[in-house]
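The lines below spell out each chain.
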Amino acid sequence: MSLEEMLRGLTPKASNILKRATPVAPHFVLYSDAYVSSEPTVSDILGFNVFALAFLEVYGAADQAQEWEELTASQRSLILAEYEAAGISLIVSLFGSTETPTSSGYNPIDTANTMAAWVIEYGLQGVDVDYEDFAAFDAGTGSAEQWLGNFTTQLRTQLPQGQYILTHAPVAPWFSPGIWGGGGYLWVNSVVGSMIDWYNVQFYNQGTTEYTTCDGLLYSSSTTWPQSALFQIASNGVSLDKLVIGKPATSAQASNGYMDLSLLASCVSLAHDAGWNAGAMVWEYPYADSAWIATVRGDTWPITSTSATPTSASTSTSTSTSTSAPGIICAGVATWSPSVAYTGGIAVTYSGYLWIASYWTEDDVPGGTAGVWVNNGACTSTSTSTTPTSTTSTTTGTSTSAPGTICVGVSAWFLGVAYIGGSEVTYGGYLWTARYWTEDDVPGGAAGVWVNNGACTSASTSATTTGTSTTTGTSTSSPGTTCAGVAAWATGVVYTGGAEVTYNGYLWIASYWTENDTPGGIAGVWINDRACTSTATTPPKNMAILTSIITPAPAFERR
């Protein structure tokens, strides 16, 4: 059975689970605690992929979590649909600075059960544990660490991994080794780190000069909080791809630790060049929005442009009935219709162009004054295209071909097909990889779900001369996948959704979180992505290796 057939055969419940599946890195997380009357529109927070409502307390919902609770079920469903279409997960943040769960004697099991039930009841996609019981940590008895371990374990029994997001938001100093009597977050990570999807690390509010330079943030923290810079934390056993850099939106959103956006963007770029890919977190909306994250992402993770402007014109003559021109293949995309409700990311055709909805809309004409629709380029065809067996094309200028991607065996993108993270499709002459679960999000569209892996190389032999190119239609590509750089599957390794491995000569992609499930085995976790044409040499993408349990240090005073 093909992947398409498997996905089409999913029950509604299974389809919803895939929609909630944990997104792969990078993570761009935005908290919302300051009062706003409703959740922001997709365009307000474009560039983020996780939006965290703050806070859910032991006594119940507060602030923006309470605002969410007070919406009607239909209002919540509409917002969730719009966010899902744009690739944004909606979660709730727990506790915050006003609660002290351990010091207050809260039962971790009961608290986890109550909070998980709230998440499920109100349809959210996960939780962020913003535990800030500093008195319990400072006591050095290990009570804070043990509470967090028990609480996290119970949360995971109620909010299964791969179906719900579960993150923690510790302050960076809690990762310093040898300071905390109970082992700090290094101990927490060693015991329950495999249950935590990533850490939204608070690199702020820890001193006026702490984490305010690229060196202090990334490579060498101060002696006050030793070994708590990004790469130092990773060197002490925490997976680098789980360490999300957290910063305040402005200097007013924190006591200290703010960095100018251009400086933060340069630090992010440096970290990425050094192998880090986890993403960025910010406190809080509305002081941080789409403009904030666009600056921080910069050229490291540029937000995909949805416009397409041809840079040159060409004329073609062909011995078949097919001709080529700049533009987008719109086969299978429905024509825009009035009185139809469209969610963000939906594609339509109108007046010969492909349009992508920025957010929920009805009766707003593409190209109209509402500005809801983004013009994604002229359509080259609105019907299924055919490939000629012999084509001669003549252009008015000199044509040079750049190396591309072999797309043999990769299916074209289709509307109505659900794709999971790691799925590959071809669209508009390019190879695209899905970041996470998606359906009806056009590659290159506003949702930003698809990663462009480069232009597909022609499946035919070509001879190019100045001003003239000739295609003979003879295939030179052999079916298969280049697996160089992809590691072999191994037991004892935790793989997240979208991770790639090789096994028995094939490339496999994980559908969701897995450990010790053999590719091709009865668990059905792994999807066979075609035979390899070469072997693997380096660690796989999106892989987290569990560290050994750290023995807690003896209790002692921090200063």
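Provided above is the structure to which this section pertains.
Chemist: Tell me about unusual backbone geometry, and name the residues and values.
Modeler: The omega torsion across Ala-25 and Pro-26 is 5°, close enough to zero to call that bond cis. Relative to the helices and strands, Pro-26 is located in the loop between helix 2 (12-20) and strand 1 (27-32). Look at Tyr-211: it is not a glycine, yet its phi comes out positive at around 60°. With respect to the helices and strands, the residue Tyr-211 is situated in the loop between strand 7 (198-202) and helix 9 (214-219). Although it is not a glycine, Ser-339 sits at a positive phi angle of roughly 70°. Within the secondary structure, Ser-339 sits in the loop between strand 10 (328-329) and strand 11 (341-342). Given a relative accessible area of 55%, Ser-339 falls into the exposed group.

Chemist: Provide a residue-level description of helix 11 (residues 261-273), including the pertinent values.
Modeler: It helps to recall that an α-helix has 3.6 residues per turn; residues three or four apart then point in one direction. Taking 1.5 Å of rise per residue, the 13 residues of helix 11 would be expected to cover 18 Å, and the 18 Å separating its terminal C-alpha atoms lies within 8% of that figure. Turning to helix 11, its buried residues number three or more, namely Leu-261, Leu-264, Ala-265, Cys-267, Val-268 and Ala-271. The arc that holds every buried residue of helix 11, seen down its axis, measures 160°, which confines them to one face. Every exposed residue of helix 11 that faces more than 90 degrees away from the buried side is listed here: Ser-262 and Asp-273. Buried residues in helix 11 make contact with helix 9, helix 10 (230-235), strand 8 (243-248) and helix 12 (290-297).

Chemist: Can you break down the pattern of salt bridges residue by residue, with the values?
Modeler: Working definition: two side chains of opposite charge can pair if their charged atoms are close together. One pass over the structure, following the stated rule, counts one salt bridge. Among the salt bridges present, the one from Asp-197 reaches Arg-156, with a minimum N-O distance of 2.9 Å. Remark: Arg-156 occurs in helix 7 (residues 143-158) and Asp-197 occurs in the loop between helix 8 (184-192) and strand 7; sequence separation between them is 41 residues.

Chemist: Residue-level account of the state of the cysteines, with values.
Modeler: By definition, a disulfide links the sulfur atoms of two cysteine residues through a covalent bond. Scanning the entire structure with this criterion turns up one disulfide. A disulfide bridge connects Cys-214 with Cys-267, and the sulfur atoms are separated by 1.9 Å. One disulfide, between Cys-214 and Cys-267, carries an S-S torsion of -95° and so falls in the left-handed class. One end of the pair, Cys-214, is in helix 9; the other, Cys-267, is in helix 11, and 53 residues separate them in sequence. Across the pair, Cys-267 and Cys-214 agree in class, each one buried.

Chemist: For the side chain of Thr-438, give the residues involved together with the corresponding values.
Modeler: If you trace the backbone, Thr-438 turns up in strand 20 (residues 438-439). Taking the relative accessible area as the measure of exposure, Thr-438 reaches 1% and is therefore buried. Separated by 2.6 Å, the side chains of Thr-438 and Asp-441 make a polar contact. Setting aside anything within four residues of it in sequence, one finds Thr-438 in contact with Val-417, Ala-418, Tyr-419, Val-449 and Trp-450.

Parameters and conventions
Residues numbered from 1 in each chain as written. Predicted model: local features only at pLDDT ≥ 70, side-chain atom pairs only at ≥ 80, totals over all residues. Heavy atoms only, no water. Helix = DSSP H or I, 4+ residues; strand = E, 2+ residues; numbered from the N terminus. Buried < 20%, exposed > 50% of the residue type's maximum accessible area, 1.4 Å probe, protein only. Expected span 1.5 Å × (residues − 1). Arc of directions from axis to C-beta. Contact = heavy atoms within 4.5 Å. Salt bridge = Lys/Arg side-chain N within 4 Å of Asp/Glu carboxyl O. Disulfide = S-S within 2.5 Å. Polar contact = N/O pair within 3.5 Å; in protein donor to acceptor, adjacent residues only side chain to side chain.

Without other data, these values stay purely geometric and don't point to any function.
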